[in-house]
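# A look at the structure
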Amino acid sequence: MDTPLSPRERAASLLAGLQDDICTQLVAQERGPQRFVADVWQRAAGGGGESRVLAGGATYEQAGVNYSQVHGAALPPAATARRPELAGRPFAAMGVSVVVHPRNPHVPTSHCIVRYFEAGDVWWVGGGFDLTPYYGRVEDCRAWHAAAARAAGPHYAAYKAECDRYFYLPHRNEARGIGGIFFDDVNAEGLDAAFALLERTAREYARAYAAIVAARQDAPYGERERDFQLYRRGRYVEFNLVHDRGTLFGLQSGGRTESILMSLPPAVRWAYNWQPEPGSAEAALYRDFLPPRDWLAEAPA
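Residues numbered from 1 in each chain as written. Predicted model: local features only at pLDDT ≥ 70, side-chain atom pairs only at ≥ 80, totals over all residues. Heavy atoms only, no water.

### A word on the overall build of the protein
We count it as follows: Strands here are runs of E lasting at least two residues and helices are runs of H or I lasting at least four, both read from the DSSP assignment and numbered beginning at the N terminus. We compute the radius of gyration over the C-alpha atoms and compare it with the globule rule, which gives 2.2 Å times the number of residues raised to the power 0.38. Buried, partly exposed and exposed residues are distinguished by accessible area as a fraction of the type maximum, computed with a 1.4 Å probe on protein chains only: under 20%, between the cut-offs, and over 50%, respectively. Note on contacts: a residue pair is in contact if any heavy atoms of the two residues lie within 4.5 Å. In this description, accessible areas are obtained by the Shrake-Rupley approach with a 1.4 Å probe, and a residue is regarded as covered only by the protein chains that are shown. Residues counted as positive are Lys and Arg, residues counted as negative are Asp and Glu, and His and the chain ends are not counted. Throughout, a charge is located at the NZ atom of Lys, the CZ atom of Arg, the CG atom of Asp or the CD atom of Glu.
In terms of helices and strands, the protein carries 9 helices and 9 strands. Relative to the 2.2 N^0.38 estimate, which gives 19 Å for 301 residues, the radius of gyration of the protein is 19 Å and therefore close to what a compact globule would have. If you line up the protein on its principal axes, its C-alpha atoms span 65 × 40 × 40 Å. For the protein, with 301 residues in total, the buried portion stands at 54%. Residue pairs at least 24 apart in sequence account for 71% of intrachain contacts in the protein once pairs closer than 6 positions are excluded. Here the protein has roughly 13,100 Å² of accessible surface; of this, 55% comes from carbon and sulfur atoms. When the 32 basic and 35 acidic side-chain charges of the protein are each reduced to a single mean position, those positions are 2 Å apart.

What follows is the structure, given as structure tokens:
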């Protein structure tokens, strides 16, 4: 009789499989010869992972799909700020994080994360996905949030609201993108339900993003659109380095810096006090897409 897998072993198997599947899909949509370069690494303090990066592609300027599993004697401050009762406990953390920076400015940047934590005898899962368009399309936003609703089920409204709160730059007073879903500390419905939520999240993300890429990657663009894409990527950098809990956890827990910072775009620019031209497509992003909206309620019957 086979010995049942531990929760940690089940999580590792699920997450490694999701990494493979997402990489396969992204490569299928990459029109250039580029493929993922795999970088297997070990963490001296315990654990390791595999970072996969596709760089310089015709479809994807940079795509990173990172699997990591780390463990240690005590949780770092980023993980105990909201759960002080867990301070000093041994921990195990594993997850798959995906960040895709497309080449065409009409294709949004996308992000997905699914992760599993143990701290002593306590476990939980977290994750979600969000979309960062440069030029918004209403139909893409509706399709994206329909996928988010399928992933989250009855928790969609709560997970959407948390995503809107989390992916927000208070120093800019603006959202990073049009959101999606985000959840953390989920364990109330049991391990099977938690792992099913992680799998739905990753698979709905992959399907929804593939459809948007297919619809937008041939849209014509010029220097103006490229400049705006690089400018808005600056917001992505600011959020990840200043506010993102996963980035802070990775750096504070002695994670591998190259893998943690693979989410940063390969090219970016900042411009002092830049403002979009009134009535422009760039201004429409700020006016019509970044403020939180109930995209499903606005969908046509």
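This is not the end of the story, as more comes after the structure.
### Quick word on the packing of aromatic side chains
What counts is decided by this rule: Think of it this way: a Phe, Tyr or Trp ring, Trp meaning its six-membered ring, pairs with another when their centres are within 6.5 Å, and the plane angle makes it stacked under 30 degrees, edge-to-face over 60, tilted otherwise. Sitting over a ring, as applied to charges here, requires NZ of Lys or CZ of Arg to be within 6 Å of the ring centre and within 35 degrees of the ring normal.
Taken as a whole and assessed by the stated rule, the structure comprises 18 aromatic pairs. Between Y116 and W123, the ring centres sit 6.4 Å apart and the planes meet at 25°, which makes this aromatic pair stacked. Under the relative-accessibility criterion, Y116 is labelled buried at 1%. Relative to W274, the ring of Y231 has its centre 4.9 Å away and its plane inclined at 55°; by these criteria the two rings are tilted. Taken together, the residues span a long stretch of sequence, with Y231 in helix α6 (residues 223-242) and W274 in the loop between α8 (257-260) and α9 (281-289) at a distance of 43 residues. Under the relative-accessibility criterion, W274 is labelled partly exposed at 27%. Each member of the aromatic cluster is reached from another via a ring pair, and the members are Y135, F228, Y231, W274 and Y286. The positively charged end of R176 is found above the aromatic ring belonging to Y236, 4.0 Å away from the centroid.

### A closer look at the sheet that holds strand β9 (residues 179-186)
Hydrogen bonding along the main chain pairs the strands of a sheet, whether they run parallel or antiparallel. Threshold: Note on pairing: two strands pair once DSSP finds at least 2 bridges between them. In this analysis, axes come from line fits to C-alpha atoms, helices being fitted only over the stretch in contact, and the angle between any two N-to-C directions falls in the range 0 to 180 degrees.
Strands sit in the order β1-β2-β3-β4-β5-β6-β9 across an open sheet of 7 strands; the sheet is antiparallel. Looking at the sheet topology across the chains shown, the edges are occupied by β1 (37-42) and β9. On average, each strand axis in the sheet is inclined to that of its neighbour by 5°, with strand direction left out of account. With 6 bridges joining them, strand β6 (residues 122-132) and β9 adopt antiparallel strand pairing. Opposite G128, over in β9, you have F182 as the bridge partner.

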